[in-house]
Amino acid sequence: MRQLLITAGLLLPLALDTFALAAALGIAGLQRRDRLRVSLVFTAFEAGMPIAGLLVGRVAGNLVGEWAGYGGILFLFLAGVLLLRPSEDEQDEARRVKLLAHVRGLAIVDLGLSISVDELTVGLSAGLIGLPIALTVVWIALQAFAAAQVGLRFGARLSEEIRERSEQAAGVALMLVALVLLGLKLLQV
């Protein structure tokens, strides 16, 4: 039950972050088939990066031993802090996200990787904490697809401030999850 709650705690910030990116794309008013293609690309990268992080986190966790949980909590907290920091090149990020709607082939890999680095950190934390890989991957993929679809559909109707607040809320949520996990670890619950 504890692992399920931790997984749910990680999914909310990931969904908020994916929603914010997809909402920025929603302004472009994509056709239905383009929305599906972009949602699948988002799902692949937003779920793929945590998978890579989970695997690296598992290996690192085995090497670090009992301190792995603390490392996972620290990485989670840092990921939250990074989401709260305003991007120095906000326009460049917006340009990359909008390019994702139209780019094809290998160029999509570069763009997909550039927008999903946060998810790598969350996956690393999940691996260090010891979450089950298969269950975590399935839930991450489902939330990524759903959040991308919602963001793409309603992004044009939302203001830029709401999209930015969504990303900031993801950062705060990650930091809160990290603090709760730290409290549970210290109390040995």
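Residues numbered from 1 in each chain as written. Predicted model: local features only at pLDDT ≥ 70, side-chain atom pairs only at ≥ 80, totals over all residues. Heavy atoms only, no water.

Caption draft 1: Here's a closer look at the overall build of the protein chain. Looking only at helices and strands, the protein chain features 8 helices and 0 strands. Ordered by position from N to C terminus, the α and β elements of the protein chain give α-α-α-α-α-α-α-α. Considering the protein chain as a whole, with its 189 residues, one finds that 45% of them fall into the buried category. Long-range pairs, those at least 24 residues apart, make up 92% of the contacts in the protein chain with a sequence separation of at least 6. Roughly 9,800 Å² of accessible area belongs to the protein chain as shown, and the carbon and sulfur atoms make up 68% of that amount. (Helix = DSSP H or I, 4+ residues; strand = E, 2+ residues; numbered from the N terminus. Buried < 20%, exposed > 50% of the residue type's maximum accessible area, 1.4 Å probe, protein only. Contact = heavy atoms within 4.5 Å. Areas by Shrake-Rupley, 256 points an atom, 1.4 Å probe, with all protein chains shown as cover.)

Caption draft 2: Expanded view of helix 8 (residues 160-186). For helix 8, spanning 27 residues, the distance from its first C-alpha to its last is 39 Å, which sits close to the expected 39 Å at 1.5 Å a residue. What helix 8 keeps buried is the set Arg163, Ser166, Glu167, Ala170, Gly171, Ala173, Leu174, Met175, Val177, Ala178 and Leu181. Two residues or fewer after helix 8 comes glutamine 188, characterised by a positive phi angle close to 55°. (Expected span 1.5 Å × (residues − 1).)

Caption draft 3: The environment of phenylalanine 45, seen in detail. Checked against the element boundaries, phenylalanine 45 lands in helix 2 (residues 32-64). Given a relative accessible area of 15%, phenylalanine 45 falls into the buried group. The spacing of phenylalanine 45 and glutamate 119 is 74 residues in sequence and 8.6 Å in space, taken between C-alpha atoms.

Caption draft 4: Empty space enclosed by the protein, seen in detail. Tallied over the entire structure, the rule returns 1 cavity of 30 Å³ or more. Each pocket or cavity is described by its volume, and for the largest cavity that value is around 30 Å³. For the largest cavity, the full set of lining residues is Thr7, Leu10, Leu11, Leu14, Val122, Ala126, Thr136 and Ile140. Elements with a contribution of two residues or more to the lining of the largest cavity: helix 1 (2-26), helix 6 (117-129) and helix 7 (133-154). It is helix 1 that contributes the most residues to the lining of the largest cavity, 4 residues altogether. By residue class, the composition of the lining of the largest cavity is 6 nonpolar, 2 polar and no charged. (1 Å grid on protein atoms, 1.4 Å probe; cavity = no way out; pocket = protein on both sides within 12 Å on 5 of 7 lines; lining within 4 Å. Points joined across faces, edges and corners; volume = space filled by probe spheres on them. Nonpolar A, V, L, I, M, F, W, Y, C, P; charged D, E, K, R; others polar.)

Caption draft 5: Main features of the packing of aromatic side chains. Applying the stated rule across the entire model yields 1 aromatic pair. Seen from their ring centres, tryptophan 67 and tyrosine 70 are 5.4 Å apart, and the 40° between their planes marks the pair as tilted. Residue classification places tyrosine 70 among the partly exposed residues on the basis of a relative accessible area of 29%. Here lysine 185 stacks its cationic end above the ring of tyrosine 70, 5.2 Å away from the centre of that ring. (Phe/Tyr/Trp six-rings, centres within 6.5 Å; stacked < 30°, edge-to-face > 60°. Lys NZ or Arg CZ within 6 Å of the ring centre and 35° of its normal.)

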